[in-house]
Amino acid sequence: YMQEQLQLRVVDLEKELTSTKNELSTSQNELDIAVSDLQLAQQQLTESQRQFEELEIALGESEDAARRAEMRAERLQSELTSLKEDQKSGVMYGDSDDSGSNVVAEKKS
């Protein structure tokens, strides 16, 4: 009777061991998948960081170009205002001569 009990206990332990090995194998597969997913996420993060840095550079370049355009617009506005003031004060601009330079003549009162 003791022998049978021991044999039954051994069979139970072997079943439990097999079950535990299967669970361990499943857990290892899940862990491998998680590691793979993590590596992929790391690659995506690295790519996103690279794209973000490129966008920051492009934004900086765009801001610089916008500042230059704004300064140019201000300069042109200033020149236009100056030309209008000259026109009001009686300075006239003639047609270009053959050399391509503008002829400026004082308006006679």
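Quick caveat, the model's predicted, so the values are computed rather than measured.

Asks: Quick question: what am I supposed to make of the overall build of the protein here?
Replies: For the protein, the helix and strand inventory stands at one helix and two strands. Taken from the N to the C terminus, the helices and strands of the protein come in the order α-β-β. Counting over 109 residues, the protein shows a buried share of 2%. For the protein, the accessible area works out to roughly 10,200 Å², and carbon and sulfur atoms hold 55% of it.

Asks: What should I look at first to understand the confidence of the model for the protein in this one?
Replies: Fine structural detail should not be taken from predicted coordinates in areas where pLDDT scores are low. Mean pLDDT over the protein stands at 87; residues scoring 70 or higher make up 83%. Confidence scores differ between elements of the protein, with strand β2 (residues 102-106) showing the lowest mean pLDDT of 48 and helix α1 (residues 2-88) the highest of 96. For residues 100-109, every residue scores under 50 in pLDDT, and the model assigns this stretch 16 contacts once sequence neighbours within four places are set aside.

Asks: Hey, could you run me through the pattern of salt bridges in this one?
Replies: A side chain with one charge may pair with a side chain of the opposite charge, provided their charged atoms come close. In the structure shown here, the tally under the stated rule is four salt bridges. A salt bridge links Arg-50 to Glu-54; the nearest nitrogen and oxygen atoms lie 2.3 Å apart. With Arg-50 and Glu-54 both in helix α1 and four residues apart, this pair spans about one turn of that helix. For Glu-54, a relative accessible area of 43% puts it in the partly exposed group.

Asks: For this particular structure, what's the right way to read α1?
Replies: Given 3.6 residues per turn, any residue in an α-helix points the same way as the ones three and four places further on. Its 87 residues give α1 an end-to-end C-alpha distance of 124 Å, which sits within 8% of 129 Å, the value for a rise of 1.5 Å per residue. At the exit of α1 stands Gly-90, carrying a positive phi of roughly 105°.

What counts and what doesn't
- Residues numbered from 1 in each chain as written.
- Predicted model: local features only at pLDDT ≥ 70, side-chain atom pairs only at ≥ 80, totals over all residues.
- Heavy atoms only, no water.
- Helix = DSSP H or I, 4+ residues; strand = E, 2+ residues; numbered from the N terminus.
- Buried < 20%, exposed > 50% of the residue type's maximum accessible area, 1.4 Å probe, protein only.
- Areas by Shrake-Rupley, 256 points an atom, 1.4 Å probe, with all protein chains shown as cover.
- pLDDT = per-residue confidence, 0-100.
- Contact = heavy atoms within 4.5 Å.
- Salt bridge = Lys/Arg side-chain N within 4 Å of Asp/Glu carboxyl O.
- Expected span 1.5 Å × (residues − 1).

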